[in-house]
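The primary structure of each chain is shown beneath.
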Amino acid sequence: MAYDLDRIIDRKGSGSSKWELYRGGSHAGPIIPINSNLQSDGPIPMWVADMDFSSPQPVIDALSERAHHGIFGYTSASDSYYASVTDWFFKRHGWKISKDWISTTPGVVPALHFAIKTWCQPGDKVLIQKPVYYPFFRSITNGGCEIVSSNLIEEHGSYQMDFEDLEQKASDPLVNLAILCSPHNPVGRVWTADELRQYGEICNRHGVMVIADEIHADLMMPDNVFQPYAALGDAFANNTMVCTAPSKTFNLAGMHLSNMVIPNSELKQAFDAYMQETGVAGGLNPFALVAIEAAYRGGEDWLAQVLEYIHANYLFLKQYLANHLPQLHLTELQGTYLAWIDFRELGLDQAALEKLTQLDAKVLFDEGHVFGREGFGFERINIACPRSVLALALDRLKIQIDLL
Ligand SMILES: Cc1ncc(COP(=O)(O)O)c(C=O)c1O
């Protein structure tokens, strides 16, 4: 079926974190209600990573049917649920997953916390690549571990891994875990098989286990191909825990169900044991199971339309900046729906940049520096919204930048 992605859906009153609450793009201030719905000339939230599109129709139908069943007692994942997950990854990415490798968790971020508690001792060091998805930081420090970053290198509007630096940092005996963000949030890179192999060989050589956060795996821009880390070969599969989820792919983040894929049975047992100890393992939300199975089985057509739309939004954004705001520099978006824009040429300090965007233009982004100090002067902008909303946000931004 054809989906109308231009349609503006009023999310006010639905409890949407994105549309009802804002902590400032630095996530430092108190949570303030923004109470916006566009009609009121209110702020336009383009921060937290969910889409303003309705989920695939098969998901909505399956949820309605499940609701009509009327009994919502303790529920477990069925064989059919697991098959929907494994079929999806084989069909979309050529990655053969065994059902026995999957542990369900209430989200990827909780899974990161559990994995670090499972694998690390307080005092260990965990390797990441800033600028990167900021909840990685807390998952590391929460486990009593230290953050070590091998920063990405920015060159002509695109980012690369610094392999020499990675090798040097991974060789520290206290570094025994690395978190890979693939595709990379916030810089939009889709790592190639060669890059991932080089990264993985360094980690394997130094006994560093890799958590591969692949939550954005399905969100590829044209001409980019996602390479599952564990599908690089046995040496990589045996030394990794992979975080997968349908939440970004099908706009189901509120369902809080993700699938960790752990091919190494010892690692998997340790991870599952930690989940048991903390009381997290056990019953699952019946709606989440139904929604995810329906999405993996019937959401491909929706995803194709959404990816095309997001890519057109990206091209629209690129053209708009080139024509009207040449001082802003857009990083090439290879994957995800999160645009990474360099505002440094405006010459504003952080407070002035936040005033410009949040108060004057009334567009709510994620401040670049929350992803690490390397992100200062950048803004992360969620473009998974109707094009008219993106256009309105850009017009508001242009008016204020012209006044500087
Ligand atoms: C790289 C990455 N990992 C994890 C998450 C969040 O995962 P979850 O909502 O399943 O905890 C996000 C959300 O933006 C993300 O970008």
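The structure displayed is predicted, hence computed values, not measured ones. Throughout, residues of each chain are indexed from 1 in the direction in which the sequence is written. The predicted nature of this model means local features are confined to residues of pLDDT at least 70 and side-chain atom pairs, given and counted, to a pLDDT of 80 or more, with totals for whole chains, interfaces and linings taken over all residues.

Draft legend 1. Main features of the site of the ligand. The rule is simple: place the C-beta atom from the backbone, and if it lies within 6 Å of a molecule or strand, the residue is near it. Near the ligand you find 13 residues, and of these Ala49, Gly107, Val108, Val109 and Tyr133 are the closest. Side-chain classes follow a simple rule in which Ala, Val, Leu, Ile, Met, Phe, Trp, Tyr, Cys and Pro form the nonpolar group, Asp, Glu, Lys and Arg form the charged group, and the remainder, Gly included, forms the polar group. By residue class, the composition of the shell around the ligand is eight nonpolar, four polar and one charged.

Draft legend 2. Structural detail: the domain arrangement of the protein. Taken domain by domain, the protein holds domain 1 (17-55 + 300-402) and domain 2 (73-298). Those domain boundaries reflect an automatic or database domain assignment. Each of domain 1 and domain 2 has a C-alpha centre, and these two points are 26 Å apart. Elements represented by at least two residues in the side of domain 1 that touches domain 2 include exactly helix H11 (300-324) and strand S14 (338-342). Per element, the largest residue contribution to the side of domain 1 that touches domain 2 is four residues, and it comes from H11. Across the side of domain 1 that touches domain 2, the residue classes break down as 12 nonpolar, 10 polar and four charged. Runs of H or I in DSSP of at least four residues are treated as helices and runs of E of at least two as strands, each being numbered from the N terminus.

Draft legend 3. Spotlight on the sheet that holds strand S9 (residues 175-181). Two strands pair if DSSP finds at least two bridges between them. Here we have seven strands laid out as an open sheet, ordered S4-S12-S11-S10-S9-S5-S6, and mixed in their pairing. With partners counted over all chains shown, the strands left at the sheet margins are strand S4 (102-105) and strand S6 (146-149), one partner each. For this sheet the average axis-to-axis angle between neighbouring strands, irrespective of direction, equals 25°. One ladder, built from five bridges, connects S9 with strand S10 (residues 209-213); its direction is parallel. Each residue of the ladder has a partner; that of Ile179, found in S10, is Ile211. Relative to S6, helix H5 (residues 135-142) is tilted by about 135°, and along the sheet it contacts strand S5 (125-128), S6 and S9. Each axis is a line fitted through C-alpha atoms, and for a helix only the stretch in contact is used; angles between axes span 0 to 180 degrees, taken between their N-to-C directions. Contact criterion: two residues are in contact if their C-beta atoms, reconstructed from the backbone, are within 7 Å.

Draft legend 4. Examining the pairing of S14 more closely. Where strand S13 (residues 329-330) lies against S14, two bridges are found, and the strand directions are antiparallel. The residue bridging His329 from the neighbouring strand is Asp342, located in S14. Bridging between S14 and strand S17 (residues 378-382) involves five bridges; their strand directions are antiparallel. By the bridge assignment, Asp342 is partnered in S17 with Phe378.

Draft legend 5. Up close: helix H10 (residues 286-298). Helix span, as expected, comes to 1.5 Å for every residue beyond the first. The terminal C-alpha atoms of H10, which comprises 13 residues, lie 18 Å apart, in line with the 18 Å expected from a rise of 1.5 Å per residue. In this scheme every C-beta is placed from the backbone, and a residue whose C-beta has 20 or more other C-beta atoms within 10 Å is buried, one with 12 or fewer is exposed, and one in between is partly exposed. Of all the positions in H10, only Ala288, Leu289, Val290, Ala291, Ile292, Glu293, Ala294, Ala295 and Tyr296 are classed as buried. Of the surrounding elements, those touching the buried residues of H10 are helix H2 (57-69) and helix H3 (79-93).

Draft legend 6. Local environment of helix H6 (residues 163-170). Of the positions making up H6, those classed as buried are Leu166, Lys169 and Ala170. Seen along its axis, H6 keeps its buried residues to an arc of 95°; they face one direction. Exposed residues on H6 whose side chains face more than 90 degrees from its buried face are Glu164 and Gln168. Buried residues along H6 sit in contact with S5, S6, S9 and helix H7 (193-205). What the arc measures is the spread of directions leading from the helix axis to the C-beta atoms.

Draft legend 7. Structural view of the nonpolar core. Note on terminology: a nonpolar core is any set of buried Ala, Val, Leu, Ile, Met, Phe, Trp, Tyr and Cys residues joined through C-beta atoms within 7 Å. Core analysis: the biggest nonpolar cluster contains 119 residues, and Val126, Ile211, Ala291 and Ile383 have the highest contact counts within it. In terms of residue count, the dominant contributor to this core is H10 (eight residues). When residues are assigned to domains, this core turns out to be shared by domain 1 (17-55 + 300-402) and domain 2 (73-298), each giving three or more. Ignoring any residue separated from it by four or fewer positions in sequence, one finds Ala291 in contact with Val59, Ala62, Leu63, Leu252 and Met255.

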